[in-house]
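Structural overview
Listed here are the chains, written in short residue letters.
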Amino acid sequence: MAKIKKQNVRINFERLKRTIIKSSQIGTIPGDGLCRLALTEEDKIMRDIFMEWMDEAGLKVKIDDYGNMYGRREGLSDLPPVLVGSHLDTQPNGGRFDGIIGVLAALEIIRTLNDNNIETLRPIEIVNFTNEEGARFEPPLLGSGGATETFDKDFIYNRKDREGKTFEEELSKIGYKGEMSNRVKDVHAFFELHIEQGPVLENEQISIGAVEGIQGMTWLELKVTGESGHAGPTPMSLRCDALMAVSKLIVHIEKKAKCSDADTSVTVGRMSISPNVVNSIPKEVIFSLDIRNKDDAVRELLIEDLRKELQEISKVEKVKLEIKDLWEVKASYFHPGLVKQVVSSAKECGYSVKRMVSGAGHDSKYINQIAPTCMIFVPSVGGRSHVETELTLDADIEKGANVLLLSVLEISNNKKIDELNKESLPSY
């Protein structure tokens, strides 16, 4: 093993930047954004390039039955590996950094270890998870959820996009339907570097977020049915306008959330209106509702209250309300020893660091169910993400990658994570 002091080991940022630039050329859209939906031709092109990069780095590459891509660097032992990575798929109007820097920084760690002839006790595996975003196939996190058996194969394979194409068909079409035996298992620890996607780090001028957990979240679909009619002859007093009723439901949802808890967030992100004609009264409106809180009890109580109160408002408005459950995940708490390691690595590099909770879901959510897990956040300019203008500065990406490198290096040479920390889990 190379005798190199940890503080002298740093990633080659110019090389990492070149890989990010190359990634940014696959699926480009106006405004410096990316549209690289899961299992599309753009996704395949990016996967093929990533496969070449892993081969060039001397990694043993494998693909599982959900298209998750793994690259393994052997260690001095056959102990369970340290897993590092994120995702390469994007939103329809996505940015160049969300998930992507987590995968490419993982690759850069391998390249850096190779450059310095550093061997590790444990193997290190890097990973690109399939369909993290859920922008094409709902729900999100299908690759990591499948690998951890959170979702079964039939459920995942039969997910359909808006054109009726199934996950399995498209996975086979791009040539990335691998073997079940290649699924991730027996993981010692998992690290995921990610942009914050919010404004906290930038506003507080902090370089690194040591993520202690992920909020719980619920997705609902609400269908409101009224009566259509001509916009001119039908008096306002005699209407059953589905959209007008929905506007009152949404206002109530917002007021309720603001009174519930400071950490509660609600989002109406998708809506369809029928007949969707200028001079016709809307008969039917279907909209999504995303509800999040780091305290599951608060979130669940809010949902219970909303179910009752929204039905009462609908009766007053003379419309029919149906509420469908789309997806739910409980709050997650990451391993305190790994969180402490991230804090320690940041301080070793001389970077400011803050312990925080993620408001967004990530592959770490499900990997946390099978292995000790932690995330590292870097600032998002203006808190923007899932938009073309998403931006994380070069200096912040470099800092995040260095913290990831030192954390992975430490844990890949550590037999017992629990020895790092004796703290109890945080109480949110």
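Residues numbered from 1 in each chain as written. Predicted model: local features only at pLDDT ≥ 70, side-chain atom pairs only at ≥ 80, totals over all residues. Heavy atoms only, no water.

**Quick notes on the side chain of S288**
- Take S288: it is sitting in strand 12 (residues 284-293).
- Look at S288 and you get buried, because its relative accessible area is 13%.
- Within the local environment of S288, its side chain forms a polar contact with the backbone nitrogen of G269, the two atoms lying 3.4 Å apart.
- Aside from chain neighbours lying at most four places away, what touches S288 is L220, T267, V268, G269 and R270. (Helix = DSSP H or I, 4+ residues; strand = E, 2+ residues; numbered from the N terminus. Buried < 20%, exposed > 50% of the residue type's maximum accessible area, 1.4 Å probe, protein only. Polar contact = N/O pair within 3.5 Å; in protein donor to acceptor, adjacent residues only side chain to side chain. Contact = heavy atoms within 4.5 Å.)

**Observations regarding unusual backbone geometry**
- Of note, the amide linkage connecting E138 to P139 takes the cis form, showing an omega dihedral of 0°.
- Within the secondary structure, P139 is located in the loop between strand 6 (124-129) and helix 4 (142-147).
- That bond from S274 to P275 is cis: its omega, 5°, falls within 30 degrees of zero.
- With respect to the helices and strands, P275 occurs in the loop between strand 11 (271-274) and strand 12.

**Observations regarding the confidence of the model for the protein**
- The predicted model of the protein has a mean per-residue pLDDT of 94, with 95% of residues at 70 or higher.
- Considering only residues more than four positions removed or in separate chains, one finds that residues 421-428, a stretch of pLDDT under 50, has 17 contacts. (pLDDT = per-residue confidence, 0-100.)

**Notes on the pairing of strand 9 (residues 216-225)**
- The element strand 9 is largely enclosed, with a buried count of seven among its 10 residues.
- Strand direction decides the pairing type here: strand 9 and strand 13 (residues 320-329), joined by nine bridges, are antiparallel. By the bridge assignment for strand 13, W219 is matched with W327. (Pairing = 2+ DSSP bridges.)

**Some details on empty space enclosed by the protein**
- Within the structure shown, the criterion is met by one cavity of 30 Å³ or more.
- What the largest cavity holds in volume is close to 40 Å³.
- Around the largest cavity, the lining residues are L220, L222, L289, I303, L306, R307, L310 and I323.
- Mapped onto the lining of the largest cavity, the elements with two or more residues apiece are strand 9 and helix 9 (296-316).
- A total of four residues in the lining of the largest cavity trace back to one element, the largest contributor, which is helix 9.
- When the residues that make up the lining of the largest cavity are grouped by side-chain class, the tally is seven nonpolar, no polar and one charged. (1 Å grid on protein atoms, 1.4 Å probe; cavity = no way out; pocket = protein on both sides within 12 Å on 5 of 7 lines; lining within 4 Å. Points joined across faces, edges and corners; volume = space filled by probe spheres on them. Nonpolar A, V, L, I, M, F, W, Y, C, P; charged D, E, K, R; others polar.)

**So, the pairing of strand 12**
- Burial within strand 12 is extensive, with eight of its 10 residues counted as buried.
- Bridge count between strand 10 (residues 265-267) and strand 12: three bridges; the pairing is antiparallel. Across the sheet, residue S265 finds its bridge partner in strand 12, namely R292.
- Pairing between strand 11 and strand 12: four bridges, direction antiparallel. Opposite I273, over in strand 12, you have V285 as the bridge partner.

**Let's talk about the nonpolar core**
- Of all hydrophobic cores here, the largest spans 84 residues; its most connected members are F50, F191 and L404.
- By residue number, the principal contributor to this core is helix 3 (residues 100-115), which donates 10 residues.
- Of all hydrophobic cores here, the second largest spans 18 residues; its members include L249, L289, L302 and I303. (Core = buried A, V, L, I, M, F, W, Y, C linked by side-chain atoms within 4.5 Å.)

**Details of the packing of helix 10 (residues 336-349) against helix 12 (residues 394-411)**
- Remark: helix 10 packs on helix 12, axes separated minimally by 9 Å, with the N-to-C direction vectors making an angle of 125°. Judged on the interaxial angle alone, helix 12 and helix 10 are oblique. Both helix 10 and helix 12 take part in a crossing whose hand is right-handed. On helix 12, the residues that touch L338, Q341, V342, S345, A346, E348 and C349 of helix 10 are N402, V403, L406, S407, E410 and I411.
- Broken down by class, the residue content of the contact of helix 10 with helix 12 amounts to seven nonpolar, four polar and two charged. (Axes fitted to C-alpha atoms, helices over the stretch in contact; angles between N-to-C directions. Parallel < 35°, antiparallel > 145°, perpendicular 65-115°, else oblique. Left-handed = near helix turned anticlockwise from the far one by under 90°.)

**Comments concerning the packing of aromatic side chains**
- The tally for this structure, following the rule as stated, stands at seven aromatic pairs.
- Ring plane angle 80° and centroid distance 6.2 Å describe the contact between F129 and F190, whose orientation is recorded as edge-to-face. Here the residue F129 occupies a position in strand 6, and F190 occupies one in strand 7 (residues 189-195), the gap between them amounting to 61 residues. You'll find F129 and F190 in the same group, each marked buried.
- Judged by centre distance (5.5 Å) and plane angle (70°), the ring pair of F137 and F167 falls under edge-to-face. Pair noted here: F137 is in the loop between strand 6 and helix 4 and F167 is in helix 6 (residues 167-173), with a separation of 30 residues, a long-range link. Exposure class is identical for F137 and F167. Each is buried. (Phe/Tyr/Trp six-rings, centres within 6.5 Å; stacked < 30°, edge-to-face > 60°.)

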